[in-house]
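# Observations on chain architecture
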Amino acid sequence: MTEHEPADAVRETAESIATMEIRGAATIASAAAEALAVQASKAAESGPTASDPEAFRASMRAAARTLRETRPTAVSLPNALRYVLQRMEGGEVDELRRSVVDASEAFVQQLDRAQEDLGRVGANRLADGDTVMTHCHSTDALACVEAAVEQGKSISAVVKETRPRQQGHITAERLRDVGVPVTLIVDSAARRYLDEVDHVVVGADSIAADGGVINKIGTSGLAVNARERGVPIMTAAQTIKLHPETLTGHTVEIEMRDESEVIDPEDRGSIGDIAVENPAFDVTPPRYMDAIVTEQGQFPPESIVTLMRELFGEGAAEPWAEP
């Protein structure tokens, strides 16, 4: 490995993330952190990076950039890089190497238990006999219900099918697997069934510094209806979903998906000249969300910024950038 050149493991990990062989927020974050640990060990073995602390730091930044560029709109990936690189400390190469490896190991260990810890926190908000309403498919949200069931609580669920891709069907199957009685409803029936619900539980694609929740389209409307009906709603999300760029006013990009998910091309042609839009996400303002549940505990939406700064630093720090 020449000076500043990423190790083979870094390039392989980057390729796997870019081709979506590695997917899922937690899996991507874990792989990125582990790749940085490999880079640190390789850089400390030989060449200029083994004896020059500045060359070592430069090689780590270059490796992080290689990883970062694979999924520019991801949230968990840069968070993993921030967590590890911001804890790179020392005056000698061996000290720098050790700090990177230790930070990577700590991050991965935290990720390994994050969903289980989050589930226990969320389960404490659910009471025996509660009925929950879900939207889309979130393993973090499911973890809260599953933990409540493991605690011996009787929980039932009203599951929104979540068009256009009907991810609610996955949620329904998972809940039935753990013995939860499920009622599947069409999205437009949500307000009617809120009168029969004790809690709404959703996940998040990412969470902004002001506590705004970016999640599957339809979450915001559900949250407004839940507030009007007096039904508490919580977001279950691991801290890797926090969006540090929003500390400096970064606007969250809402992905527009292919119109074929909404309407068959043949049907579209028979209707005539129409526009079709298919936004993947919407933003729920913090005033409509009762709590954000993470592996670090539960937080009022407006205070999530404190946890964000503690974990990932001030502002949209980019420790992989050249100074």
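This structure is a prediction, so every number in the text was calculated from the model and none was measured. (Residues numbered from 1 in each chain as written. Predicted model: local features only at pLDDT ≥ 70, side-chain atom pairs only at ≥ 80, totals over all residues. Heavy atoms only, no water.)

Counting its regular elements, the chain contains 11 helices and 10 strands. Against the compact-globule benchmark of 20 Å for 323 residues, the chain has a radius of gyration of 22 Å, which places it among compact chains. Referenced to the eigenvectors of the C-alpha coordinate spread, the extents of the chain come out at roughly 65 × 55 × 35 Å. The 323 residues of the chain split such that 52% are buried. (Helix = DSSP H or I, 4+ residues; strand = E, 2+ residues; numbered from the N terminus. Rg over C-alpha atoms; globule rule 2.2 N^0.38 Å. Buried < 20%, exposed > 50% of the residue type's maximum accessible area, 1.4 Å probe, protein only.)

On to the packing of aromatic side chains. Under the defined criterion, the tally for this structure stands at one aromatic pair. With a centroid separation of 5.0 Å and 45° between ring planes, the pair formed by Tyr 83 and Phe 107 is classed as tilted. Residue Tyr 83 is located in helix α4 (residues 76-85), and its partner Phe 107 is located in helix α5 (residues 93-123); the two are separated by 24 residues in the primary sequence. Overall, Phe 107 belongs to the buried group, its relative accessible area being 2%. Against the face of Tyr 193 rests Arg 192, its NZ or CZ located 4.8 Å from the ring centre. (Phe/Tyr/Trp six-rings, centres within 6.5 Å; stacked < 30°, edge-to-face > 60°. Lys NZ or Arg CZ within 6 Å of the ring centre and 35° of its normal.)

With that out of the way, let us pick up helix α1 (residues 8-18). Buried within α1 are the following residues: Val 10, Thr 13, Ala 14, Ser 16 and Ile 17. For α1, the buried positions fall inside an angular range of 165° around the axis, keeping them on one side. Considering only its buried residues, α1 is in contact with α2 (25-43), α3 (53-68) and α4. The first or second residue beyond α1 is Met 20, which carries a positive phi of 65°. (Arc of directions from axis to C-beta. Contact = heavy atoms within 4.5 Å.)

Mapped onto the elements of the fold, Ile 254 is located in the loop between β7 (233-236) and α10 (265-271). On a C-alpha basis, the gap between Ile 254 and Ile 214 in space is 8.6 Å, while along the polypeptide they are 40 residues apart. Discounting chain neighbours no more than four positions away, the residues touching Ile 254 are Ile 214, Pro 279, Phe 281 and Val 283.

Let's shift gears to the pairing of strand β9 (residues 291-294). Residue alternation in β9 divides its side chains into two sets, Ala 291 and Val 293 and Ile 292 and Thr 294, and both sets are buried. In this sheet, β9 lies alongside β7 in parallel orientation, the contact comprising three bridges. Each bridged residue has a counterpart across the sheet, and for Ala 236 the counterpart in β9 is Val 293. The pairing of β9 with strand β10 (residues 297-299) spans three bridges and is classified as antiparallel. In the sheet register, Ile 292 faces β10, and the bridge partner there is Phe 299. Where β9 folds back onto β10 in an antiparallel hairpin, the turn is made up of two residues. (Pairing = 2+ DSSP bridges.)

Further remarks concern the UniProt feature "binding site: substrate" (unreviewed entry) in the chain. Listed under "binding site: substrate" (unreviewed entry) in the UniProt record, and renumbered for this structure, are Arg 23, Gly 24, Ala 25, Ala 26, Arg 71, Asn 215, Lys 216 and Lys 241. Within the secondary structure, Arg 71 is located in the loop between α3 and α4. Beyond its immediate chain neighbours, meaning those up to four positions away, Arg 71 contacts Ile 17, Met 20, Ile 28 and Leu 77. (UniProt positions renumbered as here; feature names shortened; annotations may be inferred.)

Our focus in this paragraph is the side chain of Ser 30. Within the element layout of this structure, Ser 30 appears in helix α2. Judged by relative accessible area, which is 14%, Ser 30 ranks as buried. For Ser 30, the contacting residues outside a window of four places in its chain are Phe 107, Val 108 and Leu 111.

What follows covers the sheet that holds strand β1 (residues 131-134). The strand order across the open sheet built from seven strands is β3-β2-β1-β4-β7-β9-β10, with neighbouring strands paired in mixed fashion. Both edges of this open sheet fall to β3 (182-185) and β10, since each of them pairs with a single strand only. The average angle at which neighbouring strand axes cross in this sheet is 25°, direction not considered. Note: strand β2 (residues 156-160) against β3, four bridges, orientation parallel. Within the sheet, the bridge partner assigned to Val 159 lies in β3 and is Leu 184. Against the sheet, helix α6 (residues 139-150) engages β1, β4 (199-202) and β7, with an angle of about 115° to β7. (Axes fitted to C-alpha atoms, helices over the stretch in contact; angles between N-to-C directions.)

Going through the model one piece at a time under the given rule, you end up with 20 salt bridges. With a shortest N-O distance of 3.1 Å, Arg 61 and Glu 322 are connected by a salt bridge. Taken together, the residues span a long stretch of sequence, with Arg 61 in helix α3 and Glu 322 in the segment after α11 (304-312) at a distance of 261 residues. Given a relative accessible area of 11%, Arg 61 falls into the buried group. Sharing partners across several salt bridges, the network here consists of Arg 113, Glu 116, Asp 117 and Arg 120. (Salt bridge = Lys/Arg side-chain N within 4 Å of Asp/Glu carboxyl O.)

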